[in-house]
Structure formats: C-alpha cells, structure tokens
Amino acid sequence: MWLVLRYYIVKVSFNELHMFSHLKGAWALYLPQVAIQVYTVLDKTMLGIITKSNIENGYYEQANKVVLVLLMGVTALSTVMVPRISAMFAAKDQEQINRYLGKSFSYVWLVGFPITFGIFAVADIFVPFFFGVGYEPVIRLLCLFSLIIIPIGISNIIGLQYLVTTGNEYYLTKSVVLGAIVNFGLNMFFIRWWQATGATLASVIAEVVITVFQLWVVRDFLPVVNYMKSMKNYLVAAIVMYVALILMPIYFDKAIVLLMSKVILGSIVYLVCLLGMKDSFFREIIGKIIEMTSKKRQEIE
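Predicted model only: the values in this text are computed from it and were never measured.

A. Region of the structure containing the overall build of the chain. Per the secondary structure count, the chain includes twelve helices and zero strands. Each helix and strand of the chain, placed in order from N terminus to C terminus, yields the pattern α-α-α-α-α-α-α-α-α-α-α-α. Projected onto its principal axes, the C-alpha positions of the chain cover 65 × 60 × 45 Å. Among the 301 residues that make up the chain, the fraction classed as buried is 42%. Partitioning the intrachain contacts of the chain with sequence separation of at least 6 by distance along the chain shows that 79% fall at a separation of at least 24. Of the roughly 17,600 Å² of accessible surface on the chain, 69% is carried by carbon and sulfur atoms. The centroid of the 24 positive side-chain charges in the chain is displaced by 2 Å from the centroid of its 17 negative side-chain charges.

Written out as structure tokens, the structure reads:
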C-alpha cells in the first residue's frame, strides 16, 4: 500500500497539516474507548480482589469471550454506516439519516435476537462440549451475558453512527463514563453477593444504562419510538425459535451433532417465521441476495 501512496498524496509543509487542530476531535473519540476499557478490565480486577478466586475470574472470562465474538456480527454494520451518515449529515439530509438508522436498528433486531435466544437454548450443550468438565457455571454466565447483545447493538448505532457523525461525541463519552460509574458501584455489592454472576449482572445493567441514556439524548432528533417498534417481528420469530429448540426431541448422543442440529433447526424456524410475517427488511435483504446472485450468474455466462 505504501508503494502506491505516491500517486495520491501531495507534498505539503508541516504547518499546512494543522495537526493540533484535530486533537480535540481525537480526544473526544479516545475518551469513550478509555472508559470502556477501564470498566471492562475493572470487572475482572474487582472480581479477583473481592472473591480472591481465579476460578470465578476464569468462568467470567470464558463467558465474556464467547459473547464478544458473537457481538462482532451485530456491531459490524457501523463500520460501513459511519461514513455514509457523515456524508448525509454534511448534506443536511435528516430524512435519509433517519432511514438509514432505521435499517441499522432492523439489522440489530434481525441478528441480535436470534443470537440471544439461541444462546439460552444451546448453552447447556455448548459449554460442556466447548469448555469441558468443570465449567458448568459458565452456562449461567453465558445466558446472562447474552442480554448485553441488544443494548450494545443499540448503543453502537446511537453512539457511533449518530452521535459521533453529528459532532456530539460529548454525549457518547458522558454515557460511557456513566456506565463505568454504575458498573463500579454495582460490582462493589454484586460481586460480594454473587461473585462472577454478580459481575456479569453489573455489566448487563451498565450497558442498559448506557443505551437508555443515549436514547434519551436523541429522543428529540430521531424517531426512537418507531425504531423500537420495528423489533416486533424479530422478537416474535426469536421466541418461536427458542420454543422450537426447547421442545426439539433429542435423537443424537454426540454433543456436536446435537448442537449443529439445533443451530440448523433454529435458523430455519427463525427465517421461516420472518418470511411468514412478510417482514419488509428481511424481504429486502433476500431480494438483494437474489439480485446479486443473478448478476453473478449473468457475468459467468
């Protein structure tokens, strides 16, 4: 990449770079990341200090890692949407901003709800298979941790896609600092009472506080109520999927086969439910996939 940069970059003097003029904006983006890292690491630190047990920290760490990996699929869209919404904000096109944010919310519902309910349905199979004997407490922690998927998905939309792109990084920082304070305060009590479960519960409540605060901040600028109403189809489909997985007869002795069969069945039930409810966003995605497949086929021919 460095070799081709010479075709795109022109030489300028050091004074023309205006480096220090960007420090304020960079600092505004840096602070929320610091706050997030502090209270993420703080959970494990406080858990170790208060419980004096590496075992509880191990349970917490493993459940946290699994959920963080799954969260990547929920929050990935923000990387694509941030420059688009920035361009719309520069063009003062609020209607398009609302439309794209609405699609982002639909994406979070579409992906987040089946992951959350899916974890509840397969955690008791996944944990013994993936972690082995002795990690049974991770089942409870994994189910509890899955409750942060939707709040983090929403705060990712409001915080990164809207507050940052519209120059309101201050509110993002304020929300994360508030979450860190809530997390620290709850940890002081919850860890003493419930150990790793308490630390997990404190993290979930802190993420909900962050999300609620951000939604409250943008309530006069975005149709928040409409965004929240759009979750209905995905929530219903995810609940139906969960019930189907719980009632699923067990025909297999091997954990991996049972786990895969549940994942496949859950996916089919969830997608069929959305098709049956004629969800507009899901049908739009299917239409795009069919269109892209058709174009590829024509190019090959």
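Here the narrative resumes, following the displayed structure.
B. Structural context of the pattern of salt bridges. What the rule picks out here adds up to three salt bridges. Measuring nitrogen to oxygen at the nearest pair gives 2.9 Å for the salt bridge that ties Lys44 to Glu61. Here Glu61 lies in helix H2 (residues 54-75) and Lys44 lies in helix H1 (residues 23-51), a separation of 17 residues in the sequence. In this structure, the salt-bridge partner of Glu284 is Lys103, at a minimum N-O distance of 2.8 Å.

C. Representation of unusual backbone geometry. In this structure, Lys92 is a non-glycine residue whose phi angle is positive, near 60°. Within the secondary structure, Lys92 sits in the loop between helix H3 (77-90) and helix H4 (94-131). Its relative accessible area of 76% is what places Lys92 among the exposed residues. Here the phi dihedral of Lys278 falls at roughly 55°; this positive angle occurs in a residue that is not glycine.

D. Highlighting the side chain of Ser175. As for its position among the elements, Ser175 is in helix H7 (residues 169-194). On the basis of relative accessible area, Ser175 is assigned to the buried category, the value being 0%. Here the side chain of Ser175 touches Gln214 through a polar contact of 3.0 Å, side chain to side chain. If near-sequence neighbours (up to four positions away) are discounted, Ser175 is found in contact with Ile210, Phe213 and Gln214.

E. Local environment of the packing of aromatic side chains. Under the counting rule described, the total for this entry stands at 16 aromatic pairs. For the pair Phe126 and Phe130, a centre-to-centre distance of 5.0 Å together with 15° between the ring planes defines the contact as stacked. With a gap of four residues between them, Phe126 and Phe130 both fall in helix H4, about one helical turn apart. The structure contains a cluster of three or more aromatic residues connected by ring pairs, namely Tyr59, Phe126, Phe130, Phe131 and Tyr135. Taking NZ or CZ as reference, Arg99 lies 5.5 Å from the ring centre of Tyr100, over its face.

F. Layout of the environment of Gln37. Considering the arrangement of structural elements, one finds Gln37 in helix H1. In the structure, Gln37 is positioned 70 residues away from Tyr107 in sequence and 26 Å away in space, judged by C-alpha atoms.

G. Fine view of the confidence of the model for the chain. Scored by pLDDT, the chain comes out at a mean of 90, with 99% of its residues at no less than 70. When mean pLDDT is compared element by element in the chain, helix H10 (residues 232-247) scores highest at 96, while H1 scores lowest at 79.

H. Layout of a nonpolar patch on the surface. On the surface, Phe129, Phe130, Tyr251, Phe252, Ile256, Val257, Met260, Ile264, Ile268 and Val272 cluster together into a nonpolar patch covering about 980 Å² of accessible area. Only H4 and helix H11 (255-276) provide two or more residues apiece to the nonpolar patch. Here Phe129 shows up in helix H4. For Phe129, a relative accessible area of 40% corresponds to the partly exposed category.

I. Region of the structure containing helix H6 (residues 149-164). Between its first and last C-alpha, H6 extends 21 Å over 16 residues, near the 22 Å set by a 1.5 Å rise per residue. Taken across its 16 residues, H6 has 15 buried, putting it largely inside the fold.

J. Quick peek at H7. An ideal rise of 1.5 Å per residue puts 38 Å on 26 residues; H7 measures up with 35 Å between its terminal C-alpha atoms. Of the positions making up H7, those classed as buried are Glu169, Leu172, Thr173, Ser175, Val176, Gly179, Ala180, Asn183, Leu186, Asn187, Phe190 and Ile191. One or two steps after H7, the chain reaches Gln195, where phi turns positive at roughly 55°.

Reading the values: rules and limits
- Residues numbered from 1 in each chain as written.
- Predicted model: local features only at pLDDT ≥ 70, side-chain atom pairs only at ≥ 80, totals over all residues.
- Heavy atoms only, no water.
- Helix = DSSP H or I, 4+ residues; strand = E, 2+ residues; numbered from the N terminus.
- Buried < 20%, exposed > 50% of the residue type's maximum accessible area, 1.4 Å probe, protein only.
- Contact = heavy atoms within 4.5 Å.
- Areas by Shrake-Rupley, 256 points an atom, 1.4 Å probe, with all protein chains shown as cover.
- Lys, Arg positive; Asp, Glu negative; His and termini not counted.
- Charge placed at Lys NZ, Arg CZ, Asp CG, Glu CD.
- Salt bridge = Lys/Arg side-chain N within 4 Å of Asp/Glu carboxyl O.
- Polar contact = N/O pair within 3.5 Å; in protein donor to acceptor, adjacent residues only side chain to side chain.
- Phe/Tyr/Trp six-rings, centres within 6.5 Å; stacked < 30°, edge-to-face > 60°.
- Lys NZ or Arg CZ within 6 Å of the ring centre and 35° of its normal.
- pLDDT = per-residue confidence, 0-100.
- Patch = residues over 30% accessible without salt bridge, like charges linked within 9 Å, V, L, I, M, F, W, Y side chains within 5 Å.
- Expected span 1.5 Å × (residues − 1).

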